[in-house]
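# Structure at a glance
Here is how the chains run, residue by residue.
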Amino acid sequence: MDKKIAMERTIYVGDREIELVCPICGGKKFFDRKTLMNTVGMTFFDLDWANPEATNFICEDCSYIFWFMEDLSVGPKKDRPLTRAEEYEISFRNHSNDALYKILNGKGYNDDAKAAAKNLLRQRKMPV
Ligand SMILES: [Zn+2]
(Lines give C-alpha, C1' and ligand atoms only; values in the text may rest on other atoms or scores of the structure.)
Protein backbone atom coordinates (compact mmCIF):
# COMPACT_ATOMS: atom_id res chain seq x y z
CA MET A 1 0.00 0.00 0.00
CA ASP A 2 1.34 3.40 -0.92
CA LYS A 3 0.92 5.43 2.24
CA LYS A 4 2.17 8.95 1.68
CA ILE A 5 3.56 11.41 4.11
CA ALA A 6 1.87 14.70 4.83
CA MET A 7 4.33 17.56 4.85
CA GLU A 8 4.58 21.32 4.64
CA ARG A 9 4.43 22.60 1.07
CA THR A 10 5.85 25.68 -0.52
CA ILE A 11 4.47 26.86 -3.84
CA TYR A 12 6.85 28.75 -6.10
CA VAL A 13 5.14 31.46 -8.15
CA GLY A 14 7.76 33.29 -10.18
CA ASP A 15 10.32 34.19 -7.56
CA ARG A 16 7.82 34.19 -4.73
CA GLU A 17 7.66 31.40 -2.20
CA ILE A 18 4.24 30.88 -0.71
CA GLU A 19 3.61 28.53 2.14
CA LEU A 20 0.49 26.48 1.56
CA VAL A 21 -2.06 26.91 4.35
CA CYS A 22 -5.44 25.19 4.42
CA PRO A 23 -8.20 27.84 4.07
CA ILE A 24 -10.61 25.66 6.02
CA CYS A 25 -8.73 24.56 9.14
CA GLY A 26 -5.42 26.40 8.90
CA GLY A 27 -3.51 23.13 8.59
CA LYS A 28 -0.04 23.23 7.07
CA LYS A 29 0.61 19.60 6.24
CA PHE A 30 -0.60 18.13 2.98
CA PHE A 31 -0.50 14.86 1.13
CA ASP A 32 0.14 15.15 -2.59
CA ARG A 33 -1.50 13.38 -5.50
CA LYS A 34 -1.57 13.64 -9.27
CA THR A 35 -4.92 13.46 -11.02
CA LEU A 36 -5.39 13.03 -14.74
CA MET A 37 -7.88 15.65 -15.89
CA ASN A 38 -9.24 13.62 -18.80
CA THR A 39 -11.08 11.24 -16.51
CA VAL A 40 -14.83 10.89 -16.34
CA GLY A 41 -16.49 14.14 -15.35
CA MET A 42 -13.44 16.21 -16.16
CA THR A 43 -14.04 16.49 -19.91
CA PHE A 44 -14.99 20.16 -19.66
CA PHE A 45 -11.30 20.89 -19.41
CA ASP A 46 -9.53 21.68 -22.65
CA LEU A 47 -7.62 18.53 -23.47
CA ASP A 48 -5.17 20.47 -25.61
CA TRP A 49 -3.27 21.00 -22.41
CA ALA A 50 0.22 19.67 -22.96
CA ASN A 51 -0.07 17.71 -19.78
CA PRO A 52 -3.67 17.32 -18.63
CA GLU A 53 -2.61 16.37 -15.15
CA ALA A 54 -3.40 18.27 -12.00
CA THR A 55 -1.42 18.34 -8.80
CA ASN A 56 -3.52 17.99 -5.67
CA PHE A 57 -2.57 18.81 -2.13
CA ILE A 58 -4.84 17.28 0.44
CA CYS A 59 -5.00 18.72 3.95
CA GLU A 60 -3.89 16.17 6.52
CA ASP A 61 -6.42 17.39 9.08
CA CYS A 62 -9.66 18.25 7.23
CA SER A 63 -8.99 16.65 3.79
CA TYR A 64 -9.63 19.86 1.88
CA ILE A 65 -8.19 19.43 -1.63
CA PHE A 66 -6.15 22.01 -3.50
CA TRP A 67 -6.02 21.74 -7.30
CA PHE A 68 -3.16 23.09 -9.40
CA MET A 69 -3.19 22.68 -13.17
CA GLU A 70 0.55 23.00 -13.44
CA ASP A 71 3.27 21.01 -11.82
CA LEU A 72 4.66 23.73 -9.61
CA SER A 73 7.99 23.21 -7.98
CA VAL A 74 6.80 22.29 -4.58
CA GLY A 75 8.29 20.65 -1.59
CA PRO A 76 9.42 21.22 1.93
CA LYS A 77 10.44 24.76 2.75
CA LYS A 78 13.78 25.69 1.27
CA ASP A 79 15.17 27.09 4.49
CA ARG A 80 14.56 23.86 6.34
CA PRO A 81 16.37 20.97 4.69
CA LEU A 82 15.01 17.51 5.38
CA THR A 83 16.37 15.80 8.45
CA ARG A 84 18.02 12.41 8.00
CA ALA A 85 14.98 10.80 9.62
CA GLU A 86 12.65 12.54 7.14
CA GLU A 87 14.82 11.42 4.24
CA TYR A 88 14.64 7.85 5.51
CA GLU A 89 10.89 8.20 5.98
CA ILE A 90 10.46 9.18 2.34
CA SER A 91 12.61 6.32 1.09
CA PHE A 92 10.84 3.81 3.39
CA ARG A 93 7.30 4.83 2.58
CA ASN A 94 6.67 1.96 0.17
CA HIS A 95 8.07 -0.60 2.59
CA SER A 96 5.73 -3.21 4.02
CA ASN A 97 4.96 -3.15 7.74
CA ASP A 98 7.14 -6.25 8.15
CA ALA A 99 10.06 -4.51 6.52
CA LEU A 100 9.57 -1.49 8.79
CA TYR A 101 9.48 -3.68 11.90
CA LYS A 102 12.72 -5.31 10.73
CA ILE A 103 14.36 -1.88 10.56
CA LEU A 104 12.90 -0.84 13.90
CA ASN A 105 13.94 -3.99 15.75
CA GLY A 106 16.94 -5.07 13.70
CA LYS A 107 20.58 -4.50 14.41
CA GLY A 108 22.73 -2.42 12.12
CA TYR A 109 20.23 0.35 11.53
CA ASN A 110 21.01 3.81 12.85
CA ASP A 111 18.72 5.83 15.12
CA ASP A 112 17.44 8.01 12.27
CA ALA A 113 16.37 4.96 10.27
CA LYS A 114 14.65 3.47 13.34
CA ALA A 115 12.87 6.77 14.07
CA ALA A 116 11.65 6.91 10.45
CA ALA A 117 10.37 3.33 10.56
CA LYS A 118 8.63 4.00 13.88
CA ASN A 119 6.98 7.15 12.54
CA LEU A 120 5.68 5.37 9.44
CA LEU A 121 4.30 2.49 11.50
CA ARG A 122 2.55 5.03 13.77
CA GLN A 123 1.01 6.70 10.72
CA ARG A 124 -0.31 3.29 9.68
CA LYS A 125 -1.83 2.87 13.14
CA MET A 126 0.48 -0.07 13.83
CA PRO A 127 1.62 -0.78 17.39
CA VAL A 128 5.17 0.41 18.05
ZN1 LIG B 1 -7.61 21.62 6.49
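Description of the structure in this document. (Residues numbered from 1 in each chain as written. Predicted model: local features only at pLDDT ≥ 70, side-chain atom pairs only at ≥ 80, totals over all residues. Heavy atoms only, no water.)

## Description of the coordination of the zinc ion
Listed as protein donors to the zinc ion are Cys-22 (SG), Cys-25 (SG), Cys-59 (SG) and Cys-62 (SG); their distances from the metal cover 2.3 Å. Coordination at the zinc ion comes from four donor atoms whose angles at the metal span 102 to 116°, giving a geometry best classed as tetrahedral. When the donors of the zinc ion are listed by position in the chain, the intervening gaps give C-x2-C-x33-C-x2-C. A residue is classified by how much of its surface remains accessible, and Cys-59, at 2% relative accessible area, is buried. Cys-62 gets classed as partly exposed once you look at its relative accessible area, which sits at 29%. (Donors = N, O, S within 2.8 Å, 3.2 Å for Na, K, Ca; no water. Tetrahedral: all angles 85-135°; square planar, octahedral: opposite > 155°, others 65-115°. Buried < 20%, exposed > 50% of the residue type's maximum accessible area, 1.4 Å probe, protein only.)

## Overview of helix α2 (residues 97–105)
Turning to α2, its buried residues number three or more, namely Leu-100, Ile-103 and Leu-104. For α2, the buried positions fall inside an angular range of 100° around the axis, keeping them on one side. The exposed set on the far side of α2, more than 90 degrees from its buried face, consists of Asp-98, Lys-102 and Asn-105. Buried residues along α2 sit against α1 (84–92) and α3 (111–123). (Helix = DSSP H or I, 4+ residues; strand = E, 2+ residues; numbered from the N terminus. Arc of directions from axis to C-beta. Contact = heavy atoms within 4.5 Å.)

## Considering unusual backbone geometry
Positive phi outside glycine occurs at Ser-63, with the angle close to 70°. Structurally, Ser-63 is set in the loop between β4 (53–59) and β5 (65–68). Residue Ser-63 is classed as partly exposed on the basis of its relative accessible area, which comes to 47%. Even without being a glycine, Lys-125 presents a positive backbone phi close to 60°. Note that Lys-125 resides in the segment after α3.

## Examining the pattern of salt bridges
If charged atoms from side chains of opposite charge come close, those side chains can pair. A full pass over the atoms with the stated rule returns one salt bridge. The salt bridge partner of Arg-9 is Asp-32, with a shortest N-O separation of 3.4 Å. Of this pair, Arg-9 sits in the segment before β1 (10–13) while Asp-32 sits in strand β3 (residues 30–36), and the two are 23 residues apart along the sequence. (Salt bridge = Lys/Arg side-chain N within 4 Å of Asp/Glu carboxyl O.)

## Structural notes on the side chain of Arg-9
In this structure Arg-9 comes out as buried when scored by relative accessible area, which is 5%. Looking at Arg-9, its side chain comes within polar contact range of the side chain of Asp-32, at 3.4 Å. (Polar contact = N/O pair within 3.5 Å; in protein donor to acceptor, adjacent residues only side chain to side chain.)

## Observations concerning the pairing of β5
Of the pairings in the sheet, the one linking β4 to β5 comprises four bridges and is antiparallel in character. By the bridge assignment, Asn-56 is partnered in β5 with Trp-67. Counted along the chain from β4 to the antiparallel partner β5, the turn is five residues long, and its residue Ser-63 has a positive phi close to 70°. (Pairing = 2+ DSSP bridges.)

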